Amino acid sequence: MTRLPGHVVETACPLDCPDSCSLSVSLAGGRLSAIDAGGANPVTGGFICAKVRRFADRVYGPDRLLQPGFRLGPPGSGTFRWVSWDEALDRVVSAMREARDGWGAASVLPYCYGGSNGLLSQDSADARLFRRFGASRLARTLCAAVTGAAYESMYGKMPSVTYQDYRHAALIVVWGANPSASGPHLVPYIREARSAGAKLVVVDPRATPLARGADLHLAVRPGTDVAVALALHRHLFEHALADQRFLDAHATGAERLRARALPWTVDRAAEVAGVRADDLARFADLYAQSAPALIRCGWGLERNRNGGSAAAAILALPAVAGKFGVRGGGFTLSNSAAWGLAKPWIGAEEPPTRVINMAHLGRVLTEPLDPPVKVLFVYNCNPLATAPNQNLVRRGLARADLTTIVFDQVLTDTARHADIVLPAPTFLEQYDLARSYGAIGLQLVRPVIDACGSARPNVDVFAEIEARLGLDRPGDARDELDMMLRVLDGLPAGAGAALRDGARPALPCGEAPIQFVDVFPGTPDGKIRLFPDELDREAPLGLYGFQPDPATARHPLALISPASDATISSSLGELARSTARLAIHPDDARARGIAEGDSIRVYNDLGSVTCLASISPEVRTGAVSLPKGLWGRRTLNGSTANALTPDTLSDLGGGACFNDARVEVERVAPPDGRADARVH
Ligand SMILES: Nc1nc2c(c(=O)[nH]1)N[C@H]1C(S)=C(S)[C@@H](COP(=O)(O)OP(=O)(O)OC[C@H]3O[C@@H](n4cnc5c(=O)[nH]c(N)nc54)[C@H](O)[C@@H]3O)O[C@H]1N2
Ligand SMILES: Nc1nc2c(c(=O)[nH]1)N[C@H]1C(S)=C(S)[C@@H](COP(=O)(O)OP(=O)(O)OC[C@H]3O[C@@H](n4cnc5c(=O)[nH]c(N)nc54)[C@H](O)[C@@H]3O)O[C@H]1N2
Ligand code: SF4
Ligand SMILES: [Mo]
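Criteria and thresholds
Along each chain, residue indices are assigned from 1 in the same order as the chain's sequence is written. All chains are assigned letters beginning at A, and all ligands numbers beginning at 1, according to the order in which they are written. Reporting in this predicted model follows two pLDDT cut-offs: at least 70 for local features of residues, and 80 or more for side-chain atom pairs to be given and counted; totals over whole chains, interfaces and linings ignore these cut-offs and use all residues. As a rule here, side-chain values cover all heavy atoms of the structure and leave hydrogens and water aside. Numbering goes from the N terminus for both helices and strands, where a helix is a DSSP run of H or I of at least four residues and a strand is a run of E of at least two. Using C-alpha atoms as the atom set, the radius of gyration is obtained and then compared with a globule rule of 2.2 Å times the number of residues to the power 0.38. Exposure classes here rest on a 1.4 Å probe applied to the protein chains alone. A residue is buried below 20% of its type maximum, exposed above 50%, and partly exposed in between. Should any heavy atoms of two residues lie within 4.5 Å, those residues are counted as being in contact. Nearness is judged by heavy atoms alone; a residue qualifies as near a molecule or strand once a single heavy atom is within 4 Å of it. Polar contacts, as used here, are pairs of N or O atoms within 3.5 Å; protein pairs need one atom able to donate a hydrogen and one able to accept it. Residues neighboring in sequence count only if both atoms are side-chain atoms. Only the protein chains shown count as cover for residues, and the accessible areas themselves come from Shrake-Rupley with a 1.4 Å probe. Amino acids are sorted into nonpolar (Ala, Val, Leu, Ile, Met, Phe, Trp, Tyr, Cys and Pro), charged (Asp, Glu, Lys and Arg) and polar (every other residue, Gly among them). Start and end positions for the domains come from either an automated domain assignment or a database one. Think of a 1 Å grid over the protein atoms and nothing else: a 1.4 Å probe that fits but is trapped marks a cavity, an open set flanked by protein within 12 Å on at least five of seven lines marks a pocket, and residues with an atom within 4 Å of a point count as lining. Grid points are joined across faces, edges and corners, and a volume is the space filled by probe spheres set on the points. Between any two strands, at least two bridges found by DSSP are needed for them to pair. Working convention: axes come from line fits to C-alpha atoms, limited for helices to the stretch in contact. Angles between N-to-C directions cover 0 to 180 degrees. Oblique is the label for any angle not covered by the other classes, which are roughly parallel (under 35 degrees), roughly antiparallel (over 145) and roughly perpendicular (65 to 115). The handedness criterion is simple: a crossing whose near helix is rotated anticlockwise from the far helix by less than a right angle is left-handed, and one whose near helix is rotated clockwise is right-handed. Two rings belonging to Phe, Tyr or Trp (six-membered ring only in the last case) form a pair when the distance between their centres is within 6.5 Å. Interplanar angles under 30 degrees mark stacking, angles over 60 mark edge-to-face geometry, and anything in between is tilted. Two conditions define a charge sitting above a ring: the NZ of Lys or the CZ of Arg must be within 6 Å of the ring centre, and it must be within 35 degrees of the ring normal. For this analysis, a nonpolar core means a set of buried residues of the types Ala, Val, Leu, Ile, Met, Phe, Trp, Tyr and Cys, connected via side-chain atoms within 4.5 Å.

### Digging into the overall build of the protein
A count of helical and extended segments in the protein gives 22 helices and 26 strands. Taking 680 residues into account, the globule formula puts the C-alpha radius of gyration at 26 Å, and the protein, at 25 Å, falls close to it. By principal-axis analysis of the C-alpha atoms, the protein measures approximately 70 × 65 × 55 Å. Here the protein, with 680 residues, has 62% of them falling under the buried criterion. Partitioning the intrachain contacts of the protein with sequence separation of at least 6 by distance along the chain shows that 75% fall at a separation of at least 24.

Next up, the structure:
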C-alpha cells in the first residue's frame, strides 16, 4: 500500500489489555514514526502506555520473523533455514496429513491464546480449518477461565460497570488487580472519584501503586481471598446488613452462601489471610456502609487453587450488600462477553473431538496419550513463556517425533523450538477488530504499513492450509478482507453497519450500563445464582471451600507472577534486556542473607530461576514476585517464573494456578564468578 509521507492513520490497539486504546499512528517515508493516543475512544483519549508507544521496536526489531523457516540446530537453537511460503506450507500440510493418516486427526493440536484479541485473527479461518480437520480441541484456561466460570454461572454474562462510572463511586475496592500496569485508563477515573471524596480499598499481596495511596490496603497471602470475602458476607448477614429485599427479589441461594460463610469470623479469616483483624473489620464496615460501592475484581486472585470460590464470593458481595441499581455501584470483571458474539463467521460446527486443557501442555506432550499429539500448531501464543511447568513443556517440545509449527511475529522462546516457523504481521500491518473488555467497545484495526518481510495474516494462511488439505468449500471466506466482511455481517446490534459507516457501534444497554437498571443477569430465571449447584459439584471442597496453602518447609515462599508494565503477557518481552529481578520483602531477604542486587536462585522441585534480588517492602512477607511473560534471556539461566509454577488446576473452570508456586530463594555466586555476589 502507498501512503503519503507524513500521513497519520487512525487505528486501535487489539492487544490483550482491557483498554483497547484508539491510536493515531504517524508515518515518515513509509515507515512508522510515532504511535500515540487517537481521539476515537473517549475512555482512552489522552495517553497510551509506554510499551505500545515503542511498538515500532518490535515491528523493525532484530527478533522479527520475516520469512518462513525450517529449524537447523537442536530444539531451542533458534537457527533456521529460510524458505518460501510454498515450501513451508507443503511441509505443514504433509505433517498434518501424516499425523491424521497414522494416528487420527485428533493427533493434531492447535494451541492459541492471548496474542491476538482481535476478532479476525483468532476464531475465524483457524477455527474453521481445525474444526473441519477434526483436530483436538483446546480448553483455554491460562486466563479468565476461573473468574469466567464463577461469573457465568452466577450472572450469565451480565455486563460489567465500565471505567467511566468509577467517578460516581463513594467506595472503590480494587481486588486482585493492578490497573496501573494492566489497564491504565481506569486509574484517572479512580483518581477523579477520590478527589470527590471516595474511599479506596486494595486487596493485594503487593503494595501496588494504587495500594500505596489507598485508605486501606489488605496485603493478603496469595490464595486466601475466599476467606476474606466470606468474612465480609458473614459480617453482612450477622449484623442484619444484608439487603434481604434485594435478595428475595433478585437472587437464589443466599441461605446456602450464608451457611458456608458462617465459619469465617473476621478473626479466623484475618489469620488465614495474614492481615490484621481490625483492618478486615474496617473493610467490612466500609463496604456495608458506603454507597455507591464498586468492586474491580481482577484476575490476580483467580490463579490459585481457591480462585473460583474466591471470585464467586467476591462477585456475590454486591448482591448480598445491596449495592446494585445505582450508577457507580456493583462490580467490574470483564466486558468481553457483552457483545454476545456467536461467531457465525467461523462457518463450521465444532466436532466432538477430545478437549485438551492448555495448562497441561507439558503433560500432554510427554505422557502417554491416545492418540498422542504428533503435530502441535502454535499461533497467537508463546507457551514456553506463558504456560505452567516450563521445564516439562520444554521437554515436550524437544520430542523428536513431534512436529511443532509456530506462527508468530517474532522468534519467541517457543518459536526457537519449532520445526517450522511462519511469519505473522503485527496489528499495524493487517486488518482486525479490537474489542475492549474494560469498556464496551468495538473498533476497526487497519493496516498502517505494508507487512514486513513475507508476513501473512492468520486468515490467509489458515485458509490456504485448508485449501491445500482439500477441506475448503465454495463460498468460504478466503482472505482477510473476505473474513472482515463476514465478521461485520455477523456482529449483533447493527455493530457491523456502524463500523462500515465509521461510527462507534453501541449496544442497546449503552456504553455505561447500570447493573440492575440497564442490564440484568442472563441466567435462565434472570436471577443471580449465589450458589450454583454445578459449581458446588465441581469444586473439590464444594463452592466457597478453602484449600490450604501448598507451602512446605522446603519451599515456604509464595511466588506470584503478575502483569508488568513492560510487556503484555510475553508480547514485547524481547524489548527489555536488563536481568530480571525477584521482589522479596526485607525480612525474608535478611533471613536468607540476601542483599539488594544479589544473584539469587529461586527454586522448587519443578525447576529454578537464577536472577537478581530486589529488596522491597512492597511485597508482603512470605511472598515473592517475578513478572509474568519474561523471555528466557532476561534471567541468568534461561528459565522464567513458569519454570516454578505447577500445572495443577484451580477449583473451578480448570484454570492455571500460576500463583500456587511455592519456592525457596538462596544467594548464589554471580555468573561471572566474582567473589562479590552483589550486582548493582
Ligand atoms: N502492561 C500489561 N497489561 C496487561 C497485561 C500485561 O501482561 N501487561 N496482561 C493482560 C492480561 S492477559 C490480563 S489477564 C490482565 C491481568 O491484569 P490483573 O487483573 O491486574 O492481573 P495480574 O497482573 O495477574 O494480578 C493483579 C494483582 O493481583 C495480585 N495478586 C496475586 N495473587 C493474588 C491473590 O491471591 N489475591 C489477591 N487479592 N491478589 C493477588 C498481584 O500482586 C497483582 O498486583 O492484564 C492485561 N493487561
Ligand atoms: N507465570 C505466569 N504465567 C502466566 C500468567 C501469570 O499470571 N503468571 N498469566 C497468563 C495470562 S493472564 C495470559 S492471558 C497468558 C497469555 O499467554 P499467551 O497466549 O502466550 O500470550 P502472549 O505471551 O502475549 O503471546 C502471544 C503471541 O502471539 C503473537 N501474535 C500476536 N498477534 C498475532 C497474529 O495476528 N498472528 C499470529 N500468528 N501471532 C500473533 C505474539 O507475537 C506473541 O508472541 O499468559 C499466562 N501466563
Ligand atoms: S496495551 Fe492497553 S494501554 Fe497500551 S495501547 Fe494497547 S490498549 Fe492501550
Ligand atoms: Mo490474561
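### Comments concerning the site of ligand 2
Not every one of the 29 residues close to ligand 2 is listed here, only the nearest: Gly-114, Thr-386, Asp-408, Ser-570 and Ser-571. The side chain of Asn-380 places a nitrogen or oxygen atom 3.1 Å from a nitrogen atom of ligand 2. Within the backbone of Cys-381, one N or O atom sits 3.2 Å away from an oxygen atom of ligand 2. Contact with the protein chains covers 98% of the free accessible surface of ligand 2, which is 920 Å². Residues of the shell around ligand 2, tallied by class, amount to eight nonpolar, 16 polar and five charged. In this structure, the shell around ligand 2 is formed jointly by two domains, domain 1 (69–142 + 339–426 + 454–476) and domain 3 (557–667), each of which donates at least three residues.

### Considering the layout of surface pockets
Taken as a whole, the second largest pocket spans an internal volume of roughly 560 Å³. What lines the second largest pocket is a set of 28 residues, among which Arg-206, Ser-564, Ala-583, Ser-625 and Pro-627 lie closest to the centre. Residue assignment for the lining of the second largest pocket shows that the elements contributing at least two residues are α6 (179–182), α8 (209–212) and β22 (581–584). Per element, the largest residue contribution to the lining of the second largest pocket is three residues, and it comes from β22.

### A short note on empty space enclosed by the protein
For the coordinates displayed, the defined rule picks out two cavities of 30 Å³ or more. Counted as a void, the largest cavity has a volume near 100 Å³. Looking at the lining of the largest cavity residue by residue, the classes come out as 10 nonpolar, two polar and two charged. There is about 60 Å³ of room inside the second largest cavity. If you go around the second largest cavity, the residues you meet are Asn-41, Val-43, Gln-164, Ser-436, Ala-439, Ile-440, Gly-441, Leu-442, Gln-443, Arg-504 and Glu-511.

### Side note on the site of ligand 1
In the neighbourhood of ligand 1, 36 residues make up the surrounding shell, with Asp-204, Arg-206, Asp-225, Thr-567 and Ser-569 lying closest. Here Asp-204 contributes a side-chain N or O atom positioned 2.7 Å from an oxygen atom of ligand 1. One of the backbone nitrogen or oxygen atoms of Ser-564 is found 2.9 Å away from a nitrogen atom of ligand 1. Contact with the protein chains covers 99% of the free accessible surface of ligand 1, which is 910 Å². Broken down by class, the residue content of the shell around ligand 1 amounts to 16 nonpolar, 12 polar and eight charged. The residue makeup of the shell around ligand 1 includes at least three contributed by each of domain 2 (146–333) and domain 3 (557–667).

### Overview of the sheet that holds strand β3 (residues 31–37)
Sheet architecture is open: three strands sit in the order β1-β2-β3, paired in antiparallel fashion. Either end of the sheet is taken by a strand with one partner, and the two such strands are β1 (8–12) and β3. Taking each pair of neighbouring strands and ignoring which way they run, the sheet shows an average axis angle of 30 degrees. Bridge count for β1 against strand β2 (residues 22–28) is five bridges, and the pairing is antiparallel. Counted as the bridge partner of Glu-10 is Ser-24 from β2.

### Re unusual backbone geometry
In this structure, Pro-292 follows Ala-291 across a cis peptide bond, with omega equal to -10 degrees. Omega for the bond connecting Asp-370 with Pro-371 falls within 30 degrees of zero, at -10 degrees, which places this linkage in the cis form. Along the chain, the position of Pro-371 falls in the loop between α15 (361–366) and β15 (375–379). Of note in the backbone geometry, Asn-389 takes a positive phi value of approximately 50 degrees without being a glycine. Within the secondary structure, Asn-389 sits in the loop between α16 (383–386) and α17 (390–397).

### Comments concerning the packing of helix α9 (residues 225–238) against helix α12 (residues 266–273)
Interhelical geometry of α9 versus α12 gives an angle of 165 degrees and a closest axis separation of 9 Å. In this view, α9 runs roughly antiparallel relative to α12, as classed from their interaxial angle. Classified by chirality, the crossing of α12 by α9 is left-handed. Two secondary-structure elements touch here, α9 through Ala-227, Val-228 and Ala-231 and α12 through Val-266, Ala-269, Val-272 and Ala-273. Residue classes in the contact of α9 with α12 are distributed as seven nonpolar, no polar and no charged.

### Concerning the packing of aromatic side chains
In the structure shown here, the tally under the stated rule is 22 aromatic pairs. Relative to Tyr-544, the ring of Phe-531 has its centre 5.9 Å away and its plane inclined at 55 degrees; by these criteria the two rings are tilted. You can see Phe-531 sitting in the loop between β20 (528–529) and α21 (533–538) and its partner Tyr-544 sitting in the loop between α21 and β21 (557–560), a full 13 residues away along the chain. In this structure, Phe-531 and Tyr-544 share a single accessibility class: buried. Three or more aromatic residues joined by ring pairs form one cluster here, namely Tyr-151, Tyr-155, Phe-246, Phe-324, Phe-331, Phe-516 and Phe-520. Directly above the ring of Phe-70 sits Arg-91, whose terminal nitrogen or CZ lies 4.2 Å from the centroid.

### A closer look at the sheet that holds strand β9 (residues 199–203)
The strands making up a sheet are joined through hydrogen bonds of the backbone, oriented either antiparallel or parallel. Across the sheet, five strands lie side by side as β10-β9-β8-β12-β13; this open sheet has parallel pairing. A single partner strand is all that each edge strand has here, and the edge strands are β10 (216–218) and β13 (330–332). Each strand axis lies, on average, 15 degrees off the axis of its neighbour in the sheet, ignoring direction. The strands touched by helix α13 (residues 277–289) within the sheet are β8 (171–175), β9, β10 and β12 (293–297), with β10 carrying the most contacts at an inclination of about 125 degrees.

### Details of the domain arrangement of the protein
One can read the domain layout of the protein as domain 1 (69–142 + 339–426 + 454–476), domain 2 (146–333) and domain 3 (557–667). For domain 1 and domain 2, the distance between their C-alpha centres works out to 39 Å.

### Quick notes on the nonpolar core
One broad trend across soluble globular proteins is that nonpolar side chains are buried collectively. With 125 residues, the main nonpolar core has Trp-175, Phe-283, Ile-465, Leu-491 and Leu-530 as its most contacted residues. Among the elements that make up this core, the one with the highest residue count is helix α14 (residues 307–320) (10 residues). Counting contributing residues, this core receives three or more from each of domain 1 (69–142 + 339–426 + 454–476) and domain 2 (146–333). Not counting residues within four places of it along the chain, the set of residues in contact with Leu-530 comprises Met-154, Leu-247, Ala-251, Thr-252, Gly-253, Ala-254, Leu-257, Ala-316, Ala-319, Val-320, Leu-543 and Tyr-544. Residues Met-358, Leu-365, Val-373 and Leu-376 belong to the second largest nonpolar core, which totals 29 residues.

### Things to note about the environment of Leu-481
Secondary-structure assignment places Leu-481 in helix α19 (residues 480–490). Sequence spacing of Leu-481 and Asp-460 is 21 residues, and the spatial spacing of their C-alpha atoms is 9.5 Å.

### Describing the packing of helix α5 (residues 145–155) against α14
Contact geometry for α5 and α14: axes closest at 8 Å, N-to-C directions at 40 degrees. Comparing the axis directions of α5 and α14 gives the class oblique. The interaxial crossing formed by α5 with α14 has right-handed handedness. Judged by residue contacts, Val-146, Thr-147, Ala-150, Tyr-151, Met-154 and Tyr-155 of α5 engage Gly-307, Gly-308, Ala-311, Ala-312, Leu-315, Ala-316 and Ala-319 from α14.

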